[in-house]
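Observations on chain architecture
One letter stands for each residue in the lines below.
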2 protein chains.
Amino acid sequence: MINYTEITAIPGGVCAARGFAANGIRCGIRASSKKRDLALIVSERRCAAAAVYTANLVKSAPIRVTREHLADGYAQAVICNSGNANTCNANGVEIAQGMCALVERYTGVPAFDVIVGSTGVIGQPMSLEPMERGMAELASGLGDNSNLAEDAIMTTDTVPKEAAVEFEIEGVKCRLGGIAKGSGMIHPNMATMLVFVTSDCAITPQMLQRAVSEDVKTSFNMVSVDGDTSTNDTFAVMANGMAGNQVIDSKGADFDIFRAALHTVTVKLCRMIAKDGEGATKLLSCILSGAGEPETAKTVAKSVICSSLTKAAMFGADANWGRVLCAIGYSGADVDVEKVDVSFRSRAGQVDVCKNGAGIPFSEEEAKRVLLEDEIDILVNLNDGDFSAEAWGCDLTYDYVKINGDYRT
Amino acid sequence: MINYTEITAIPGGVCAARGFAANGIRCGIRASSKKRDLALIVSERRCAAAAVYTANLVKSAPIRVTREHLADGYAQAVICNSGNANTCNANGVEIAQGMCALVERYTGVPAFDVIVGSTGVIGQPMSLEPMERGMAELASGLGDNSNLAEDAIMTTDTVPKEAAVEFEIEGVKCRLGGIAKGSGMIHPNMATMLVFVTSDCAITPQMLQRAVSEDVKTSFNMVSVDGDTSTNDTFAVMANGMAGNQVIDSKGADFDIFRAALHTVTVKLCRMIAKDGEGATKLLSCILSGAGEPETAKTVAKSVICSSLTKAAMFGADANWGRVLCAIGYSGADVDVEKVDVSFRSRAGQVDVCKNGAGIPFSEEEAKRVLLEDEIDILVNLNDGDFSAEAWGCDLTYDYVKINGDYRT
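Quick caveat, the model's predicted, so the values are computed rather than measured. (Residues numbered from 1 in each chain as written. Chains lettered and ligands numbered in written order. Predicted model: local features only at pLDDT ≥ 70, side-chain atom pairs only at ≥ 80, totals over all residues.)

Our focus in this paragraph is the overall build of chain A. Summing up its helical and strand segments, chain A has 11 helices and 15 strands in all. Against the globule reference of 22 Å for 409 residues, chain A gives a C-alpha radius of gyration of 21 Å, in line with a compact fold. Considering only C-alpha atoms, chain A reaches an extent of 65 × 55 × 35 Å along its principal axes. Burial analysis of chain A (409 residues in total) assigns 63% to the buried set. (Helix = DSSP H or I, 4+ residues; strand = E, 2+ residues; numbered from the N terminus. Rg over C-alpha atoms; globule rule 2.2 N^0.38 Å. Buried ≥ 20, exposed ≤ 12 C-beta atoms within 10 Å, placed from the backbone.)

In structure tokens:
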């Protein structure tokens, strides 16, 4: 078991680790928008790099290009725009490649070592022109600007999302930090999310890919905002080795602590993404215990978090636990519903509402007090084994509908 | 192929077929509600009877009792309440059996020939008392009152849902009609819906069950309002044989016409249920063609109808076809996304928006005009084969959130 207390939160996002610089500017991808729309992250040295992508069959052009660039396990920079998803565009691959070529021209990092991402509307024509115009400003401003890069990749996000930690590998201090954008079209596997993580830890590309692929199963794949799996999801990690630890090239204690550090950052980002779901007023965490199988734990936790009716009830601070039970019942997992216990918990306390699959008396007033908080835990015990899981979502609100009723205009 | 023109729409709902009477009253299951809450349908003669139920592992007590009663293939009455789902209640089976006993006491139909249904909040204590008090009034008012029975089973439904048809089997006029309630917690397989259909056609219980089980695959299992599969869904059909046709006891032309008549009624009810989804302002039909496999057609059509983002875009009359393509991509079906065509169609016309998986120029103004109508067809051609499917849903609106944010109070 990892001692998570040895992993310390620090500021700095993607610039927390040694050798990474970032920037974000407005280049004008959408004439109507005043926000930053182009982000750049660059490492001093070439990095081991690994990524996972959306399971949607419709994949953005940037994903196709990034996949090729990461085939050798290395990268040195990330470029990412908001305002256009560069998906279902006739010249999408050309544009994505053009973005990487711009990075080469302005930073010297070879185009084949660039990770490229896009987020925004699908199927809108896109031009390189605004990025060509903005690139000099973007590159010359590279520095300790994780916050600006984060701002530039946001779409309907209302708050920036970054996290970083410090940890030790055999006495050598390492750092790892990330930025994320989320908000809508977010559902396992994975969410419409772009997550870029940097570290100065030394690790081989193979072990880094293993860490990323394992991590995502209990982090980003356990987040749902609206059940829609995006076409652009990318979770990419670059590790440049500048911490000077002995390179992690196999399983063992060093790998475990790296995994734990990564998971600390990704879970923080997951919770931030869920809490900032489009229109959300609350973070919902389904904390599932007592499952007979690991997959059952995950399936049931996700089903609860995805239930529109449960989400709407949480918006209304309504302890309508029947909807939780209903979502457990239709999850597809093999569950003995007559053993299920359900409680709601928040800073304001805990209220038990269902025992052995049937209602138990509780104070509506107390339940209301618990559910009016902005971070709600839905505790489900299947009483059928020792496996557990956690999934994160948000409430369903008027504003989700408002934001998505006319997103393009 | 069936000639559907020989199937004529008629009025009368569950009382259209010979020998059926119905009624609906308010007995006061929820003190706070003024609406009718108890429905009764009775046949003069014992009927062949068949049903399908929710796939949710959490099943209402009425379903458990109805299953037992239909084990022999026969029934003669339906009793159904709204205002309480009788699910996850300690004494649920006792209450459901008590409802059937009340039917026996007041109509003479044996309790074991009664189909029982409930709809409303899950996990609320329930008492037989209001039904005991109302039963004399309910039974004495039995007559040509399909509309009252329909009214009594409604919950958040805003319009009654009934349909009936007349058709001929070997020159003998037969009738078949039904009532349905829908609105929320509606998702394949099946939806929170209660559907009761009656017919005077003579058919064996075995062939009736076959007809029902086949029908549901392309009718109620293709409806989604919110992705939540209810605990109480029941689709039950009773056929009393009073039309006098030669009994349908095998596959063949007679069975086919019965199937077609049933499907005509169930599809009408599906469209009504989807259009009256909680908070809905529009009926969305995804008409899927060109699939390589029948299951692909169904999976993709349902995925489009279930996409929260597509549903919200339709509410906003926003031709954001990228969300349709996204939902096709994450459906889980094996689709070549680069062959997909998408169009939107309504009474106001048709606008083609995507060809071979990429956007094509279209007039936003014309698209708006098409999408402002209240019945929208989303036409998807996979251009990969000859199979087709149709699925029905509705838009996602502020009112869905409002209704479900505090349903219990």
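Here the focus is the sheet that holds strand β11 (residues 341-346) of chain B. Residue and element names in this part refer to chain B. Spatially, the 6 strands line up as an open sheet ordered β13-β12-β11-β14-β10-β15, and their pairing is mixed. Both edges of this open sheet fall to β13 (358-359) and β15 (387-394), since each of them pairs with a single strand only. For β11 and strand β14 (residues 375-381), the ladder comprises 5 bridges, and the chain directions are antiparallel. Paired with Ser343 across the strands is Leu379, a residue of β14. Running over the sheet, helix α7 (residues 294-306) touches β10 (283-291), β14 and β15 and is turned about 20 degrees from β15. (Pairing = 2+ DSSP bridges. Contact = placed C-beta atoms within 7 Å. Axes fitted to C-alpha atoms, helices over the stretch in contact; angles between N-to-C directions.)

Residues and elements named next belong to chain B. Across the interface, helix α5 (residues 205-218) lies against helix α6 (residues 253-275) with an axial gap of 10 Å and an inter-helix angle of 45 degrees. Our classification of the angle between α5 and α6 gives oblique. The hand of the α5/α6 crossing is right-handed. Listed contacts from α6 to Met207, Ala211, Glu214 and Asp215 of α5 are Phe255, Phe258, Arg259, Leu262, His263 and Thr266. The residue makeup of the contact of α5 with α6, split by class, is 5 nonpolar, 2 polar and 3 charged. (Parallel < 35°, antiparallel > 145°, perpendicular 65-115°, else oblique. Left-handed = near helix turned anticlockwise from the far one by under 90°. Nonpolar A, V, L, I, M, F, W, Y, C, P; charged D, E, K, R; others polar.)

Only a minority of non-glycine residues have a phi that is not negative, and only a minority of peptide bonds are not trans. The backbone phi angle of Asn356 of chain A is positive, close to 50 degrees, even though this residue is not glycine. One can find Asn356 of chain A in the loop between β12 (349-355) and β13 (358-359). Of note in this structure, Asn86 of chain B is not a glycine but carries a positive phi near 50 degrees. Tracing the backbone shows Asn86 of chain B in the loop between β4 (74-82) and α2 (92-107).

Here we take up the relation of the copies chain B and chain A. The transformation that overlays chain B on chain A combines an axial shift of 0.0 Å with a rotation of 180 degrees, and the residual RMSD is 0.0 Å. The transformation relating the two chain copies, once decomposed into turn and shift, fits a two-fold axis. No C-alpha of chain B approaches the rotation axis more nearly than that of Tyr398 of chain B, which lies at 2.5 Å. Interface overlap between copies: 98% of the residues of chain B at the interface are likewise at the interface in chain A, consistent with a symmetric, same-surface contact. (Least-squares fit on C-alpha atoms with pLDDT ≥ 70 in both.)

Take the sheet that holds strand β14 (residues 375-381) of chain A next. All names here are of chain A. Within the open sheet, the 6 strands sit side by side as β13-β12-β11-β14-β10-β15. Their pairing is mixed. The strands lining the two open edges of the sheet, one partner per strand, are β13 and β15 (387-394). Here strand β10 (residues 283-291) runs beside β15; their pairing, made up of 7 bridges, is antiparallel. Bridge pairing links Ser285 to Trp392 in β15. With respect to the sheet, helix α6 (residues 253-275) is in contact with β10 and β15, its orientation differing from that of β15 by roughly 40 degrees.

Turning our eyes to something else, we now look at helix α3 (residues 129-140) of chain B. Since there are 3.6 residues in each turn of an α-helix, residues three or four apart along the chain are aligned in direction. Residues and elements named next belong to chain B. Within α3, burial applies to Pro130, Met131, Gly134, Met135 and Leu138. Projected down its long axis, α3 shows its buried positions confined to an angular sector of 145 degrees, all on one face. Projecting away from the buried face of α3 at angles above 90 degrees are the exposed residues Glu129, Arg133 and Ser140. If you follow the buried residues of α3, they end up packed against β2 (20-25), β3 (38-53), β4 and α2. (Arc of directions from axis to C-beta.)

In this section: the domain arrangement of chain A. All names here are of chain A. Parsing chain A into structural domains produces domain 1 (7-275) and domain 2 (283-405). Using C-alpha coordinates to define each centre, domain 1 is positioned 31 Å away from domain 2. Facing 12 residues of domain 1, the contacting portion of domain 2 comprises 14 residues. Of the residues assigned to the side of domain 1 that touches domain 2, the class counts are 6 nonpolar, 4 polar and 2 charged. (Domains from an automatic or database assignment.)

Residue and element names in this part refer to chain A. Turning to its location among the elements, Ala180 is positioned in strand β7 (residues 172-181). Between the alpha carbons of Ala180 and Asp151 there is a distance of 9.7 Å; along the sequence they are 29 residues apart. Ignoring sequence-local partners within four residues, the contact set of Ala180 consists of Lys161, Met193, Leu194, Val195, Leu269, Met272 and Ile273.

To continue, consider the interface of chain B and chain A. Opposite the 51 residues of chain B that make contact, chain A presents 50 residues. Those elements giving two or more residues to the side of chain B that touches chain A turn out to be α8 (308-315), α9 (321-329), β13 and α11 (398-405) of chain B. With 7 residues, the top contributor of residues to the side of chain B that touches chain A is α9 of chain B. Residues that form the side of chain B that touches chain A fall into these classes: 26 nonpolar, 20 polar and 5 charged.

Moving on to the environment of Phe196 of chain B. Residue and element names in this part refer to chain B. Tracing the sequence through the fold places Phe196 in strand β8 (residues 194-199). Accessibility expressed as a C-beta count within 10 Å gives 29 for Phe196, which makes it buried. Taking the C-alpha atoms as reference points, Phe196 and Asn23, 173 residues apart in sequence, are found 13 Å from one another. Sequence-distant contacts of Phe196, defined by excluding residues within four places in its chain, comprise Val14, Ile41, Val78, Gly178, Ile179 and Ala236.

Residue and element names in this part refer to chain B. Residues Ile376, Ile378 and Val380 point to one face of β14 and are all buried, whereas Glu375, Asp377, Leu379 and Asn381, pointing to the other face, are not buried. Strand direction decides the pairing type here: β10 and β14, joined by 7 bridges, are parallel. The partner of Leu288 across the bridge, within β14, is Val380.

Turning next to α9 of chain B. Residues and elements named next belong to chain B. Taking burial as the measure, the 9 residues of α9 include 9 buried ones, the bulk of the element. Three or more residues of α9 are buried, namely Trp321, Gly322, Arg323, Val324, Leu325, Cys326, Ala327, Ile328 and Gly329. Here the buried face of α9 lies against α7, α8, β11, β12 (349-355) and β14.

What follows concerns the pairing of strand β11 (residues 341-346) of chain A. All names here are of chain A. In this sheet, β12 lies alongside β11 in antiparallel orientation, the contact comprising 5 bridges. Bridge pairing in β12 links Arg345 to Gln350. Connecting the antiparallel pair β11 and β12 is a turn made up of 2 residues.

Mapped onto the elements of the fold, Val247 of chain B is located in the loop between β9 (234-239) and α6. Leaving out residues up to four positions away in the same chain, Val247 of chain B has contacts with Ala202, Ile203, Thr204 and Gly241 of chain B.

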